[in-house]
Every structure is written in C-alpha cells, then in structure tokens.
Number of protein chains: 2
Amino acid sequence: MTTSAENEWPRQVAILGVGLLGGSVALALRRALPQTRLVGFARSPEKRQYLSEQGIIDLPVATLPEACQQSDVVVVAAPVDRIAEMVVSAAESSPPDCLITDVGSTKHRIVSAVAEHLDAAKKFVPAHPIAGSEKSGPAHATDSLFDEKLVVLTPTETTEPKLLEKAHRFWRLTGGQTCEMTPSEHDTHLAAISHMPHLVSALVAKMAASEALPLAGTGWRDITRVAIGDPTLWTAICSENRTAIGGELERLADELGRLRQLLQDADDDALHRWLSKAKEIRELSP
Amino acid sequence: MTTSAENEWPRQVAILGVGLLGGSVALALRRALPQTRLVGFARSPEKRQYLSEQGIIDLPVATLPEACQQSDVVVVAAPVDRIAEMVVSAAESSPPDCLITDVGSTKHRIVSAVAEHLDAAKKFVPAHPIAGSEKSGPAHATDSLFDEKLVVLTPTETTEPKLLEKAHRFWRLTGGQTCEMTPSEHDTHLAAISHMPHLVSALVAKMAASEALPLAGTGWRDITRVAIGDPTLWTAICSENRTAIGGELERLADELGRLRQLLQDADDDALHRWLSKAKEIRELSP
C-alpha cells in the first residue's frame, strides 16, 4: 500500500452537477482512488438519494458552498452557460489551494468571464474531456468514459504552473490523456470537429419526412445519433461559440455548393475523387 | 421433418456477386434452408476458393451462365451500375420459371433498363434490402444481416403476381420484412434518407482539418462512419439517382441557410425549437 503524499491527493473532490460527465468523473476517481471522498452537489433530494444509493457519490449535499468547503478539487460539470458563475462561487467557498476545473465543450467565454474574478481565475484550470454520449444523466455514467480519451486543458498566461500540473494529474487519474491549447484554439477546432457536425446531424434528422423514415438504415441512424442530444445543452454551446460555429457553417455551405456542382455536371471522376478524399480523412480516425 | 413442395423451394440459388450483401444472402439462406444449394459466381479463382473454404457458397463457378442454368432464384448483388446487364444475362441462361432479384440501392434506372428486355423483365422482381455496412467483402457477411430489416420490392405493372409472391417468400427466408413501392417512390425516399445523408457524412469527414482531427469524439465518428464506404459503389449510386439526390441536396442547402440565419440572429429560442424538432424526429427511429 502506497502512502506517499502524492497518493493522498486529492482527499476530497466535489462534483458540481452529477450527470453523465460529472457521474463518470466520480466513478473514474473511485476506481483510481478508492479512499478519496466524493462530494456531489445536487439540488433535488431525490437525486441526492439516488447518487448515494447507486454508490456514485459518498456525500451528496444540497448547496454549492457545502460541496466546496473542504475539497481539494472542484469539478464543475454543468451546462456551458452556467459554468463561469459556478466556478466563481466555488472559488469563494473552497480552500486556498483548491483546483477548480470543468468539463465544458466551449472555453473562450467561460475563461473570459472567470478572468474578471481574480480569486476564481487563480484557482481555475479549464478542461474539456473529449468524451460523452447523446445520452444524459448519472444512470449512464461509467468509470471508463474517459479512458484513453483526450482531455484538453486551456490554461491562460496567468495560470500558475503548479496548478496546471495538478490539473494534468487530476485528469489523468480519470483515465484521460491530457493536452494543452489556448481557449480560442480549442473553440475553433471544436466548432469544426464537434459543434458544426452536431448541427449537421440534427439537420439530417430534421429533414427526414415521415414517409421516408421507415426506410432509414444503420447509416442514417449513425449520422443522426447525436441529434438525440439535449437541445438545451446544445443551444448553450451554440450561443457560447456562435462566431466559430457560424464560420464553420459558412464553410459547409461553400463545400456543399461545390458538391452540388459536381453532381450537376455529372462529373463522376471528380465525385469519385471527392468521395475517396473523404474516406481517406475518415480513416485517419479510429 | 417437413417435405411439402413449399419447403423444397428454392432448391438452388445463384448469387451473382458474393460480397457483403451477396454473402449475407447466402448465409441467411443456409440458416433457413440447409438443403438448398448455393451457387456463387466469382471471376477470381482465389475468391472461389475462399467462398468454398469459408462455407459461404456450396458451388463457386467462374461464369454467369453456369451459375444461373439450374437455379430457381438468381440474386444479383453487384454495384448498381452493373445490375441491369447482369439481370438480362441471367434471364438468358436461367430456367423459365426462375425468379431474378437484386439488392441495388437505386431502382428506377435498373427497372427501366431491364424493361427493354421482355424476357428479363418477366423474371425480374427488383429488391432493395435496407441493410448493409460501411464495410464490404464476404469476410463481413453474416447470416443475420437482414433479420427484421425492411426489404423493399419495386414491382412494375407488368410483374406477374405469382412471381411477386415468390419474391416476398424468398426475401422473408433471409429474415427480412418485405414491403412494396414503385421504383420512383423508392428512389425519392432513398435519396432523402440514405443517399443525401451519405454525401453529408462524407462532406463532414472531408472538411476535418488535420489539426482538429485528434479532437474528434464519438459524435464525429458516428456522423462520418459511412464515409468509409466504397467510393466506386457510391459514385454509381449518385449517378443512377442523380436527379433525386440533386433535389435533396438543394433542400439541404435551403435548410442550412435557415439554420445559419437562426445562429446569426442569435435567436436561441428558435434554435432550441429547431434542435428539439430534430431530436423528436430522430427518436422515431430505433
């Protein structure tokens, strides 16, 4: 049994928002550090009871300050439009050396909003684990959700190196592989590889006429799967990353125009090359 | 043990093109009717040996007439731009009461081309099993590929009722659930629910920049999965169903324009309704 100081940290972790992601952080930590106390903030008594009964959380609490008071790490796992205010609240009630991190799919506006509160900014290392599902809620949480998944940290120039190192350590405990980029880089890349594709998936789902729907095969179902995602979460993501997503949708419209031209011209050689290029890029990803 | 005439049919089935679909037809028939002889047409000696060794085909043959000569059913499982000519050839070498069917993802042009050959049209009941995968080749064939899957039959006014009934019986033997529509209805619906979505999937894959690709999550991978499909097969599908697909891409461009406007207007309520509508339609499908 190891008893070194390194293995004693974090002794207590607070999860603010125990849904699919927050619940999976809890389960992954329990797997890695069975001794660590997991505190979960949930407003509804039913949810607190559920989290406790399911063994997801050791100590469910009804207020945010209660959750943060003695925690070494606070994970804000709320919708992106709620994260900044919760980070600021968490900073007020947590110990001085507490690491506050999050799971938000957008970063720039969160980081800017937190930056206006020096005490909060000093404790905050923004994070985005590239893991999730179209499902939501703690019932779908798993201890392996982050295994081998990239966790993007988006520190700023004022982030203390020691705190940043703690954030790397913390996210690796969940099974994730950490990397760093700026908040703006993150948002630009995510607009391209996640947010725009999500809207495209919803677009294809929305266009399906009821007469055609019985003919949907596994292809259509794969393409449209993420359209099941929570509209409230995705409206917030679109709002937080509006400019970059708008840019990607414009790029999509341009590419679509070129594709339509290929079809109109009956240029089968060019269409074959176009499809081959898409296949080639897709095959770069597992 | 049943020995009624009904259970003796078909005594021999020829599969012209033993890839993912043709191979799965063979395996599904073997499961349903172990006594039925499965003949497979493959040009390459290596492939014939493979099909025989893997137990997919009882009798691999090197020419199309050899495969058809004594078969009660011929299944043409070739790329869509090759199907019509193979149906015509199969009609020439098969017995008078032979049922010829196919698995093509487009129907109108195939049916029109076959209609010019009265003898072939008299034996042909076009079919499209809504089943498949982005993978190809007999190595991925399974005996359950068609289980519970819709198989669309597209008879014409000249299709004999008795032959049509045979086609229903045959495709149900594979595990599929048959239904009927006209070739044009089929092509219009498939353009909307399969062909246009496939191109959209390829579009999203093609747009991924190499810097963003490491950040791809399960959402992007689901959306772009079918883009791995064979470019040659899909070029042929686009060519065969060009008009309907062009119409769907135009509708897509219009819908995309509306979505971009929602984002530009920062109309989050409207965006929420839009995403909710997409989710609602998606949830109608399993």
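The shown structure was predicted, so the numbers you read here are calculated from the model rather than taken from an experiment. (Residues numbered from 1 in each chain as written. Chains lettered and ligands numbered in written order. Predicted model: local features only at pLDDT ≥ 70, side-chain atom pairs only at ≥ 80, totals over all residues.)

1. Points about the overall build of chain A
Counting its secondary structure elements, chain A contains 13 helices and 9 strands. Since a compact globule built from 286 residues should have a radius of gyration of about 19 Å, the 21 Å found for chain A is in line with a globular shape. With the principal axes as the frame, chain A shows a C-alpha extent of 70 × 40 × 35 Å. Here chain A holds 286 residues, and 52% of them are scored as buried. Within chain A, contacts between residues separated by at least 24 positions form 72% of all contacts whose residues are at least 6 apart in sequence. (Helix = DSSP H or I, 4+ residues; strand = E, 2+ residues; numbered from the N terminus. Rg over C-alpha atoms; globule rule 2.2 N^0.38 Å. Buried ≥ 20, exposed ≤ 12 C-beta atoms within 10 Å, placed from the backbone. Contact = placed C-beta atoms within 7 Å.)

2. Re the packing of helix α5 (residues 80-93) of chain A against helix α6 (residues 108-115) of chain A
Residue and element names in this part refer to chain A. It is the contact of α5 with α6, at a shortest axis distance of 9 Å, that shows an interaxial angle of 25°. Judged on the interaxial angle alone, α6 and α5 are roughly parallel. The interaxial crossing formed by α5 with α6 has right-handed handedness. Contacts between α5 and α6 pair Val80, Ile83, Ala84, Val87 and Val88 from the former with Ile110, Ala113 and Val114 from the latter. Residue composition of the contact of α5 with α6, by class: 8 nonpolar, no polar and no charged. (Axes fitted to C-alpha atoms, helices over the stretch in contact; angles between N-to-C directions. Parallel < 35°, antiparallel > 145°, perpendicular 65-115°, else oblique. Left-handed = near helix turned anticlockwise from the far one by under 90°. Nonpolar A, V, L, I, M, F, W, Y, C, P; charged D, E, K, R; others polar.)

3. Quick notes on the domain arrangement of chain A
Residues and elements named next belong to chain A. The domain architecture assigned to chain A consists of domain 1 (8-181) and domain 2 (186-282). Of note, the centres of domain 1 and domain 2, computed from C-alpha atoms alone, are 31 Å apart. Listed by partner, the interface residues are 14 residues for domain 1 and 16 residues for domain 2. For the side of domain 1 that touches domain 2, the secondary-structure elements that each account for two or more residues are α5 and α6. (Domains from an automatic or database assignment.)

4. Thoughts on the interface of chain B and chain A
At the junction of the two partners, chain B supplies 73 residues and chain A supplies 73 residues. At the level of secondary structure, the elements contributing two or more residues to the side of chain B that touches chain A comprise β8 (150-153), α9 (183-207), α10 (218-224), α11 (231-240), α12 (242-264) and α13 (268-282) of chain B. Among the elements that take part in the side of chain B that touches chain A, α9 of chain B stands out by supplying 16 residues, more than any other. By residue class, the composition of the side of chain B that touches chain A is 43 nonpolar, 16 polar and 14 charged.

5. Some details on the relation of the copies chain B and chain A
Between chain B and chain A, which share one sequence, the superposing operator has a rotation angle of 180° and an axial displacement of 0.0 Å; the RMSD is 0.0 Å. The operation mapping one copy onto its partner corresponds to a two-fold rotation axis. The position closest to the rotation axis in chain B is occupied by the C-alpha of Ile223 of chain B, lying 1.9 Å away. By residue overlap, the copies meet face to face through one surface: 100% of the interface positions of chain B are interface positions in chain A. (Least-squares fit on C-alpha atoms with pLDDT ≥ 70 in both.)

6. Describing the pairing of strand β1 (residues 12-16) of chain A
For a regular strand, the rule is simple: side chains alternate between the two faces of the sheet. Residue and element names in this part refer to chain A. Counting buried positions along β1 yields 5 of 5 residues, so the element is predominantly enclosed. Burial of the side chains of β1 extends over both faces: Gln12, Ala14 and Leu16 are buried on one face and Val13 and Ile15 on the other. Of the pairings in the sheet, the one linking β1 to strand β2 (residues 37-41) comprises 5 bridges and is parallel in character. Its bridge partner lying in β2, Val13 is registered against Leu38. Crossover β1 to β2 through helix α2 (residues 20-32) is right-handed. Across 4 bridges, β1 lies against strand β4 (residues 73-76) in parallel orientation. Residue pairing across strands places Ile15 opposite Val75, the latter belonging to β4. (Pairing = 2+ DSSP bridges. Right-handed = clockwise from strand over helix to strand, strands pointing away.)

7. Some words on the confidence of the model for chain A
If pLDDT is low for a region, its predicted coordinates should not be looked at in detail. Summary statistics for chain A give a mean pLDDT of 96 and a share of 98% for residues scoring 70 or more. For this predicted complex, the interface confidence score (ipTM) comes to 0.91, while the overall pTM stands at 0.91. (pLDDT = per-residue confidence, 0-100.)

8. As for the nonpolar core
Leu16, Val76 and Val87 of chain A together with Leu16, Val76 and Val87 of chain B are the most contacted members of the largest nonpolar core, which totals 185 residues. Non-local contacts of Val76 of chain B, meaning those with residues more than four positions away in its chain, are made with Leu16, Gly17, Ile83, Met86, Val87, Ala90, Ile100 and Asp102 of chain B. (Core = buried A, V, L, I, M, F, W, Y, C linked by C-beta atoms within 7 Å.)

9. Considering α13 of chain B
All names here are of chain B. Here α13 contains 15 residues, and its C-alpha end-to-end distance of 21 Å stays within 8% of the 21 Å for a straight helix at 1.5 Å per residue. Along α13, the positions that sit buried rather than exposed are Leu271, Trp274, Leu275, Ala278, Lys279, Ile281 and Arg282. Along the axis of α13, the buried residues cluster in a sector spanning 165°; they form a single face. (Expected span 1.5 Å × (residues − 1). Arc of directions from axis to C-beta.)

10. With respect to the sheet that holds strand β7 (residues 127-129) of chain B
All names here are of chain B. Spatially, the 3 strands line up as an open sheet ordered β7-β8-β9, and their pairing is mixed. In this open sheet, the two strands that pair with only one neighbour each are β7 and β9 (177-180). Sheet twist, expressed as the average angle between the axes of neighbouring strands with direction ignored, equals 25°. Of the strand pairs in this sheet, β7 and β8 are connected by 3 bridges, and their pairing is antiparallel. Counterpart to Pro129 in the pairing with β8 is Val151.

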